[in-house]
Amino acid sequence: MGWLTIWLVRRQKGATMKDKVKILYVVEAMAGGVFTYLTELIEGIEDEFEIILAMSIRPNTPKDYRKYFSDKVRVIEMKNMNRHLSIGGVFKSIREIKAIADEVNPDIIHLHSSIAGAIGRMAFRKKDNILYTPHGYSFLMEDMSGLQKAIFKLVEKMLGRKRYLTVACGKSEWEAGKNIAANNIFISNGVNLEEIDDIKKHRSNNGAADEIDKIEENTVFTLGRIVKQKNPKLFNEIAKAMPDYKFVWIGDGDLRDKLDSPNIEITGWKEKMEAIEEAFKYDIFLLTSRWEGLPIALLEAMYMKKFCVVSNIVGNRDVVIDGGNGFLCNTKDEFVDRLKQVLEHKINKEKMIEIAYQTVTDNYNNTIFCNKYKKLYLEVFQGR
């Protein structure tokens, strides 16, 4: 997968030895899990590929986002693409990303999230070097009406008829898209295990080792944006039903007013290192999401040996085996019951945590994730 392979491929294409395969990422939802996904992926492949990132700025995009990318990565801020596009905005976005592609002349274009996926596939309908990663199909969102879901599903199906390759974040998303996309594979998300180990070591070096050992055993936490997708209303209802226990939301967002139960603490927005440091203090991870691709926060929590109680949805089901390495729940009452089982030590908590940790270590680490993408990009470049 090194320089020799790329050089041989480039010779077949008539390019020079010093050239790298050039990838253009087009991203509308550049925040939260998508942001983490792309920063990890780009860092893992940037030595072997030339990377251009065309991204939209969301309110929760880190203000200092540029520091997450090395000087090897060219970043272009898109002005027109956002999640509230009018018909005119769609055409402006199409023109904008076509102009970017004409300028940089990429070998591969990889679209991320539903909006970028739809606009990009319309813009590049005659190209055969297009990849698309949904990060959670729009038609799986539970806060939409049946009609809205049907429309989004129809759009995905129409655009999926082309020869574009859909690369799902996990097996469940891949299965959901089987009858939507003509060409459909999955590469499961991975987390940077070394980075989490370094954060733990950093805490230890700064005198926080005792804090790690003295985990707040009666505290339930989550990590992420306080938005509809993460279902803060349900998180709040669960906390209200368990007034004797402390709940912590590591993050912030537009719906923080939905978290009004007196036993909930909101930390506010934190940089990734600070957020993981905070997460080390608590022992039970709660994820009430309505929809997901394959949540990185969940993978991180499993690797950090936090017991995970999550919603029974696409994405979560890829890694959590109910009763095996965590719990999957459908209703508020189920969440409360499972949490009490953990908090009151009615299960073999330590064994399940260890299984969860091994699941991530063996299958969802960043090295495997990046190596699969390196292989895929070279195969796409070769026309395979």
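Residues numbered from 1 in each chain as written. Predicted model: local features only at pLDDT ≥ 70, side-chain atom pairs only at ≥ 80, totals over all residues. Heavy atoms only, no water.

Caption draft 1: How the structure looks around the packing of aromatic side chains. Counting across every chain of the model gives 14 aromatic pairs. Seen from their ring centres, Tyr25 and Tyr377 are 6.4 Å apart, and the 65° between their planes marks the pair as edge-to-face. Here Tyr377 lies in helix H15 (residues 366–381) and Tyr25 lies in strand S1 (residues 21–27), a separation of 352 residues in the sequence. By the burial criterion, Tyr25 is buried, and Tyr377 matches it. Taking 6.3 Å as the distance between ring centres and 70° as the angle between the ring planes, the aromatic pair formed by Phe35 and Phe69 counts as edge-to-face. Placement of Phe35 in helix H2 (residues 32–45) and of Phe69 in the loop between strand S2 (49–55) and strand S3 (74–77) is noted, with a sequence separation of 34 residues between them. Summarising the burial analysis for this pair, Phe35 and Phe69 share the class buried. Members of the aromatic cluster, connected to one another through ring pairs, are Tyr25, Tyr37, Phe49, Phe369, Tyr373 and Tyr377. Above the ring of Tyr132, the side-chain terminus of Arg121 is found at 3.9 Å from the ring centroid. (Phe/Tyr/Trp six-rings, centres within 6.5 Å; stacked < 30°, edge-to-face > 60°. Helix = DSSP H or I, 4+ residues; strand = E, 2+ residues; numbered from the N terminus. Buried < 20%, exposed > 50% of the residue type's maximum accessible area, 1.4 Å probe, protein only. Lys NZ or Arg CZ within 6 Å of the ring centre and 35° of its normal.)

Caption draft 2: Representation of the sheet that holds strand S5 (residues 130–133) within the structure. Taken together, the 7 strands give an open sheet; going across it, the order is S3-S2-S1-S4-S5-S6-S7, and neighbouring strands pair in parallel fashion. In this open sheet, the two strands that pair with only one neighbour each are S3 and strand S7 (183–186). The average angle at which neighbouring strand axes cross in this sheet is 20°, direction not considered. Direction of pairing for strand S6 (residues 165–168) relative to S7: parallel, over a ladder of 4 bridges. Note on S7: the bridge partner recorded for Leu165 is Asn183. (Pairing = 2+ DSSP bridges. Axes fitted to C-alpha atoms, helices over the stretch in contact; angles between N-to-C directions.)

Caption draft 3: A look at the pattern of salt bridges. Scanning all chains against the criterion turns up 19 salt bridges. Here Asp64 and Lys67 are joined by a salt bridge, their closest N and O atoms 3.1 Å apart. With a relative accessible area of 29%, Asp64 lands in the partly exposed category. A salt bridge links Lys240 to Asp260, with the shortest nitrogen-to-oxygen separation between them at 3.5 Å. One end of the pair, Lys240, is in helix H9 (residues 232–241); the other, Asp260, is in the loop between strand S9 (246–250) and strand S10 (264–266), and 20 residues separate them in sequence. (Salt bridge = Lys/Arg side-chain N within 4 Å of Asp/Glu carboxyl O.)

Caption draft 4: The arrangement of the packing of helix H3 (residues 87–104) against helix H4 (residues 114–123) in detail. Running from N to C, H3 and H4 cross one another at 65°; their axes reach a closest spacing of 9 Å. By the criterion of interaxial angle, the relationship of H3 to H4 is roughly perpendicular. In this structure, H3 meets H4 at a crossing whose hand is right-handed. Contacts between H3 and H4 involve Val90, Ser93, Ile94, Ile97 and Lys98 from the first element and Ile119, Gly120, Met122 and Ala123 from the second. When the residues that make up the contact of H3 with H4 are grouped by side-chain class, the tally is 6 nonpolar, 2 polar and 1 charged. (Parallel < 35°, antiparallel > 145°, perpendicular 65-115°, else oblique. Left-handed = near helix turned anticlockwise from the far one by under 90°. Contact = heavy atoms within 4.5 Å. Nonpolar A, V, L, I, M, F, W, Y, C, P; charged D, E, K, R; others polar.)

Caption draft 5: Structural view of a nonpolar patch on the surface. Taken together, the side chains of Leu147, Ile151 and Val155 present a nonpolar region at the surface, about 280 Å² in accessible area. Within the secondary structure, Val155 is located in helix H5 (residues 146–160). (Patch = residues over 30% accessible without salt bridge, like charges linked within 9 Å, V, L, I, M, F, W, Y side chains within 5 Å. Areas by Shrake-Rupley, 256 points an atom, 1.4 Å probe, with all protein chains shown as cover.)

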